[in-house]
Amino acid sequence: MFEQVLFYVFSGLVLFAAAMVITVKNPVHAALCLVLAFFSSSGLWLLLEAEFLAIALVLVYVGAVMVLFLFVVMMLDINIAELREGFAGYVPVAVLVAAAMLVLLSTIVGHVNFGVDSIQGVAAHASDYSNTKALGMSMYTDFIWPFEIASVILLVAIVAAITLTLRKSRQTKSANPSNQVAVKSGDRVRLVKVPSEPQE
Amino acid sequence: MPEGILTITIIVIKILAIMLPLMAAVAYTTLVERKVIGYMQLRIGPNRVGLKGLLQPIADALKLMCKEFIIPTGSSRFLFLLAPVLALGPALAAWAVIPFGSEMVLADINAGLLYVLALTSLGVYGIIIAGWASNSKYAFLGAMRSAAQIVSYEIAMGFSLVGVLVAAGSLNLGDIIEAQRGSLGILNWFWLPLLPLFFIYFISGVAETNRAPFDVSEGESEIVAGFHVEYAGMAFALFFLAEYANMILISALTAVLFMGGWLSPVSWVPDGIHWFFAKTGFFLFLFLWFRATFPRYRYDQIMRLGWKIFLPITIVWVMVVAAMVVWKIPPWFSS
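The structure presented is a predicted model; accordingly, all values stated were derived computationally and were not measured. (Residues numbered from 1 in each chain as written. Chains lettered and ligands numbered in written order. Predicted model: local features only at pLDDT ≥ 70, side-chain atom pairs only at ≥ 80, totals over all residues. Heavy atoms only, no water.)

Student: What exactly am I supposed to notice about the overall build of chain B here?
Tutor: Along its length, chain B carries 11 helices and zero strands. Secondary structure elements of chain B, listed N to C terminal, follow the sequence α-α-α-α-α-α-α-α-α-α-α. Computed over its C-alpha atoms, the radius of gyration of chain B comes to 21 Å, within 12% of the 20 Å expected for a compact globule of 335 residues. With respect to the principal axes defined by its C-alpha atoms, chain B has extents near 65 × 55 × 50 Å. Out of the 335 residues belonging to chain B, those deemed buried represent 54%. In the structure as shown, chain B presents an accessible area of about 15,100 Å², 72% of it carried by carbon and sulfur atoms. Of the side-chain charges in chain B, 20 are positive and 18 negative, and the distance between the mean point of each set is 9 Å. (Helix = DSSP H or I, 4+ residues; strand = E, 2+ residues; numbered from the N terminus. Rg over C-alpha atoms; globule rule 2.2 N^0.38 Å. Buried < 20%, exposed > 50% of the residue type's maximum accessible area, 1.4 Å probe, protein only. Areas by Shrake-Rupley, 256 points an atom, 1.4 Å probe, with all protein chains shown as cover. Lys, Arg positive; Asp, Glu negative; His and termini not counted. Charge placed at Lys NZ, Arg CZ, Asp CG, Glu CD.)

Student: I'm lost on the interface of chain A and chain B in this one. Help?
Tutor: Often, the extent of an interface is quoted as the loss of accessible area upon association of its parts. With 28 residues of chain A at the interface, the matching set in chain B holds 25 residues. Of the roughly 2,200 Å² buried between chain A and chain B on both sides combined, carbon and sulfur atoms contribute 77%. Sorting the residues of chain A by area buried against chain B places A:Ile55, A:Leu59 and A:Met74 first, and these three jointly supply 26% of that buried surface. Applying the counting criterion to the chain A and chain B interface returns zero salt bridges. Summed over the shared surface of chain A and chain B, the result is one residue pair in polar contact (both at pLDDT 80 or more). Elements that contribute at least two residues to the side of chain A that touches chain B include exactly helix H2 (27–47), helix H3 (51–75) and helix H9 (177–182) of chain A. Top element by residues in the side of chain A that touches chain B is H3(A). It accounts for 14 residues. In the side of chain A that touches chain B, the residues fall into 19 nonpolar, seven polar and two charged. (Contact = heavy atoms within 4.5 Å. Buried area = accessible area lost by both parts, 1.4 Å probe. Salt bridge = Lys/Arg side-chain N within 4 Å of Asp/Glu carboxyl O. Polar contact = N/O pair within 3.5 Å; in protein donor to acceptor, adjacent residues only side chain to side chain. Nonpolar A, V, L, I, M, F, W, Y, C, P; charged D, E, K, R; others polar.)

Student: I would appreciate a short explanation of the nonpolar core in the present structure.
Tutor: Nonpolar side chains in soluble globular proteins tend to end up buried together. With 108 residues, the main nonpolar core has B:Trp95, B:Tyr125, B:Leu173, B:Leu257 and B:Phe258 as its most contacted residues. Residues in contact with B:Leu257, not counting those within four places in the same chain, are B:Leu113, B:Leu161, B:Val164, B:Leu173, B:Ile176, B:Gln180, B:Phe190 and B:Tyr201. (Core = buried A, V, L, I, M, F, W, Y, C linked by side-chain atoms within 4.5 Å.)

Student: How do you make sense of the packing of aromatic side chains when you look at a structure like this?
Tutor: Remark: the centre distance and the inter-plane angle together describe each pair of aromatic rings, the angle taken between the planes. All names here are of chain B. This structure, assessed with the given rule, holds 24 aromatic pairs over all chains. Centre to centre, the rings of Phe 100 and Phe 277 are 6.5 Å apart; their planes meet at 45 degrees, and the pair counts as tilted. Of this pair, Phe 100 sits in the loop between helix H3 (77–93) and helix H4 (112–133) while Phe 277 is found in helix H10 (residues 273–293), placing the two residues 177 residues apart along the sequence. For Phe 100, a relative accessible area of 12% puts it in the buried group. Aromatic pair Phe 198 and Phe 283: ring centres 6.0 Å apart, planes at 80 degrees, arrangement edge-to-face. Taken together, the positions of Phe 198 in helix H7 (residues 195–208) and Phe 283 in helix H10 put the pair 85 residues apart, joining distant regions of the chain. (Phe/Tyr/Trp six-rings, centres within 6.5 Å; stacked < 30°, edge-to-face > 60°.)

Student: When you look at the environment of B:Leu305 in this model, what are you seeing that I'm missing?
Tutor: Residues and elements named next belong to chain B. Structurally, Leu 305 is set in helix H11 (residues 299–326). Take Leu 305: its relative accessible area is 12%, and that puts it in the buried class. Sequence separation between Leu 305 and Lys 35 is 270 residues; the distance between their C-alpha atoms is 30 Å. Apart from residues lying up to four places away in sequence, Leu 305 is in contact with Tyr 153, Phe 214, Tyr 297 and Phe 310.

Encoded structure:
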């Protein structure tokens, strides 16, 4: 009963936030709505006893990725009204694409595969069940190769991103930390003995 | 459902039993800070309100409550009001999993460490939203600095926690404390085998809470007060509360993760909640001591420290800890 209420609250929040992401005018508000959507879906995952995934979603997407998103969106002064001009012209194409996606998605996650009668729901685990441990066990034994391949692909993506953005033209001034650390007081300060005025 | 109502009542009472002393602790931390820094700088600190200035926090709270609440023109009103709540909420919610004694914990969840890490990473939203919603250049600069700093130090912090969970073999904070129990007392605690991670965790904690010497987001001398420059009255007080609640939280976590929480430092003295409070108090004192001692870091130095020094050290030391666990190095990992 209580879980059902929670489920509908979180699902409602996800739908509301997702709709807001694409309808609000201000891009910063849209990014914040996306944060709310992530947060509510992590609540849904918690209801499925997938606490590791739920917390990792908050930690990675809400705590890091969306912060950087906000960072960028806040810096750019986007005029959304200008972007919206000529929006109506794309409506037929958009409807076509949306309809195609709806058909595709419903064949996969439709009631045939994901109906109430075909999914038993998650079996309740004992209180000492650790989702993190179960996940780690299967990830590092049964799925070790896909896991390692995925991590190598991510590494390649990181290297690629860095090489694409790292331009050698040095326009900015920057200090060399090792020079700064190596400085001794003798390099910067000179003590000069000044003879005092003769006392009267 | 009388049973359900009873459970909820008990939980609410427990929450109050944590929150009320915490709020009092936050209020009096402000006084202790002013007193400690005062004495370190050969002053007396506040000494007029009440006996020896003991009523000063209450006077401050009353003053802030009576102040006018100003919403700047051109600000994003809803977000401007939401930001202080978002700053304070995670700082308080994280206390749910902190074990005060062997059975004294509100929510004894398996993924306690992850929960704490996730919630501490949410605190940054209050700061960024405050900076952006204020529609002020100074506030925005402070928010930008703070966001970059918190995201950077979170990584080093996360890796130190990885070291702790490798050593303890559990994400549950109570189990992490139990894993530090041993006949040698203080030498069995994780601060010794995890010494670099211990230092890095605490320093990153200071950076995460935007405290001196990492308080560039406030930077009084260059951006007047950073992200909360436009806030007045109670909204400012909420930011203040969040900062101090976060300080106490980081101190308590350091005590739990590296200093054995409620375990006694020597085997012939019984364990108890007072040890937890003593350790938390010690780390809280370190925060104040840092503030009185160190000049503020320059921004590029903060970034360099986080990315180029702390991150490599933590990654290397996680490997070292894993090796110690695999080869069962006594006295910490012999079982």
